[in-house]
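# Topology and contacts: notes
What follows is the residue order along each chain.
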Amino acid sequence: TRWLKTSRTSSIRYYVYHEKDLNLWNAALNKVLQRVNFDITHAGDIQAVRKKILIEIDRFSKQESFYENTLMPLQYLLNRQELTIEPIAAFARKLIETLCELLSNSPGASLDEQIRELRQSNNYSRAFIQRLYLIKAFGNSAVHYQKQTSNYIVLNEQDLFILLLLVYETLQSFPYGKIEIR
C-alpha cells in the first residue's frame, strides 16, 4: 500500500478473493487513508440508529437498480462492530444522488442542480433539503483527499451518530413502490 501514499490515483477498486484477508486489507487502506474505526459495542445510541437503518434497508426490494451498488455495501458496513465514517458517508452520498434523481425533474443534472431544483420547488421541507446538503458534505469529505493542515478536521463518534441519523431519515424519505431510476 506504500504506492498509494505517493500515487496520483483518485480512486481504486480492489477485490479480495480470500475472506481471511479482508480485515488485513481494510486495516491497511484505513491506515493509509487516515480513517478511524469506531468500536460501537458500547455505543447504545449508535447501535440503535444502526439497527433502524438496517431495518429500513430491508424494506427495499433487492431488485431495485441501486440496491447492489448502494444499499448492499451500506448494509455490509453497518453490520460490523467497528464502523468507519468515510465509506458510510460515501454510500450515503450515493443514496441521496439516487433520491434526488428520483425526485427531481432533471435526470442527469449535477447533484447541486438537483438539490437546488428540489429546494426551489417548495415541495420539500427545509429540514429535508438541509439533510441532503449535510450528507453531500459528509460524502465530499469522505471521497476527497484532505491535506492535514491547521484546518484539518478529524471526524469523531458524534459525527458518526449524526451521519447515521441523516441516513436513517433519508431512507425514510424514499417513495416506496415508486422507485424507478429515470
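Here the structure is a predicted model, which means the values were calculated and not measured. Per chain, the residues get numbers from 1 upward, laid out in the order the sequence is written. With pLDDT at 70 or above as the cut-off, local features in this predicted model cover only qualifying residues; side-chain atom pairs require 80 or more to be listed or tallied, and sums for whole chains, interfaces and linings still use all residues. To get the side-chain values, take all heavy atoms of the structure and skip hydrogens and water.

Another point: the overall build of the protein. Counting secondary structure elements, the protein contains eight helices and two strands. The numbering of helices and of strands both runs from the N terminus, where a helix is a DSSP run of H or I of at least 4 residues and a strand a run of E of at least 2. In the protein, the succession of helices and strands from N to C terminus is α-α-β-α-α-β-α-α-α-α. Split into buried and exposed, the 182 residues of the protein put 38% on the buried side. Considering only contacts within the protein whose residues lie at least 6 apart along the sequence, 69% involve residues at least 24 apart. Surface accessibility in these figures is a Shrake-Rupley result with a 1.4 Å probe; residues are shielded only by whichever protein chains are displayed. Accessible surface, the protein as shown: approximately 11600 Å² in total, 49% of it carbon and sulfur. For the exposure calls, accessible area comes from a 1.4 Å probe over protein chains only, and a residue counts as buried if that area is under 20% of its type's maximum, exposed if over 50%, partly exposed in between. By definition, residues are in contact when any of their heavy atoms lie within 4.5 Å.

What follows concerns the environment of Ser104. By the element assignment, Ser104 lies in the loop between helix H5 (85–103) and helix H6 (111–121). In protein, a polar contact requires one atom able to donate a hydrogen and another able to accept it; more generally it is a pair of N or O atoms within 3.5 Å, and residues adjacent in sequence count only if both atoms are side-chain atoms. For Ser104, the side chain forms a polar contact with the main-chain nitrogen of Ser106, separated by 3.2 Å.

Turning to unusual backbone geometry, a few remarks are in order. Even without being a glycine, Asn122 presents a positive backbone phi close to 60 degrees. Mapped onto the elements of the fold, Asn122 is located in the loop between H6 and helix H7 (126–143). For Asn122, a relative accessible area of 66% translates into the label exposed.

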